[in-house]
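Listed below are the residues making up each chain.
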Amino acid sequence: MTGTVEKNYSLALFDAINEEGEDLAAARAELNSVIDVVKDTDGFVKLMSTPTVSTEEKLSVIKEAFDGKLSRCVYNFLCVITEGRRWDRFEKIAGCFSELCNEKLGIAEITVTTAFPLTAAQREQVQKKMSEVIGKKVLMSEKVDKAIMGGIVVDYGDTRMDGSVKTRLEGLRDSFAQLIG
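In every chain, residue numbers begin from 1 and rise along the written sequence. Side-chain atom pairs in this predicted model are given and counted only at pLDDT of 80 or more, local residue features only at pLDDT of at least 70, and totals for whole chains, interfaces and linings cover all residues. Based on all heavy atoms of the structure, the side-chain values leave hydrogens and waters out of the count.

Caption draft 1: The arrangement of the packing of aromatic side chains in detail. A pair of aromatic rings is counted whenever rings of Phe, Tyr or Trp (Trp by its six-membered ring) have centres within 6.5 Å, and the orientation is called stacked for planes under 30 degrees apart, edge-to-face for over 60 and tilted otherwise. Scanning all chains against the criterion turns up four aromatic pairs. Seen in terms of ring centroids, Y9 and F77 are 6.5 Å apart; in terms of plane orientation they differ by 70 degrees. Their pairing is edge-to-face. Note that Y9 is positioned in helix α1 (residues 4-20) and F77 in helix α5 (residues 72-83), a separation of 68 residues in sequence. Note on accessibility: Y9 and F77 belong to one class, buried. Ring centres of W87 and F90 lie 4.8 Å apart, and the angle between their planes is 40 degrees; this geometry places the pair in the tilted category. On the basis of relative accessibility, which here comes to 2%, the residue W87 falls in the buried class. A run of H or I in DSSP counts as a helix once it spans at least four residues, and a run of E counts as a strand once it spans at least two, with each numbered from the N terminus. Relative accessibility thresholds used throughout: buried, under 20% of the residue-type maximum; exposed, over 50%; partly exposed, between the two (1.4 Å probe, protein chains only).

Caption draft 2: Spatial organisation of the pairing of strand β1 (residues 107-114). Most of β1 sits out of view: six of its eight residues are buried. Alignment of β1 against strand β2 (residues 137-144), held across eight bridges, turns out to be parallel. Opposite E109, over in β2, you have L139 as the bridge partner. Inspection of the sheet shows β1 paired to strand β3 (residues 151-156) by five bridges, in the antiparallel sense. Strand pairing follows a simple DSSP-based rule, namely that at least 2 bridges must link the two strands.

Caption draft 3: View of the environment of I148. Looking at the element boundaries, I148 is found in the loop between β2 and β3. According to the relative accessible area criterion, I148 is buried, its value standing at 8%. Residues I148 and A115, spaced 33 residues apart in sequence, show a C-alpha to C-alpha distance of 5.9 Å. Residues are treated as being in contact if the distance between any of their heavy atoms lies within 4.5 Å. Each residue touching I148, except ones within four places of it in the same chain, is listed here: T113, T114, A115, V153, S164, V165 and K166.

As structure tokens, then:
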């Protein structure tokens, strides 16, 4: 997790959702949708962070944009961060919340990097294998990086499993360099 502010706000939302019996996965998806809307709306965070715009005006913007489109807890949470002037930290708060959800739901987020896009069968195979290795349900995002030449690189938290052709070639080069001297 990140700083204290992000941790406190994410814990407050997490606790509220659990107390209300709302769906954690659905709340995480709603927050991700809000992130997308915020990113697609030029100047949103700047507007919400401008001290000369009143809190009432900011809450009106939140109401117009999100009322009736989100669960009660998530909508109220957006109002709380508006009143607390924390929109500049919203993405980090949502990230901390996502980590809390993953822990509670037994989900591991991994990033898989390959030189070429995975087929559906390969994607399923990687998810299944990583789920066995990690011991959790796997939520996988994919990246394509031609520089790795082939193979696969899996990032999970602070762990990297690098089975790329590039890394293997670099290892061979280093071995030959040591032999030659």
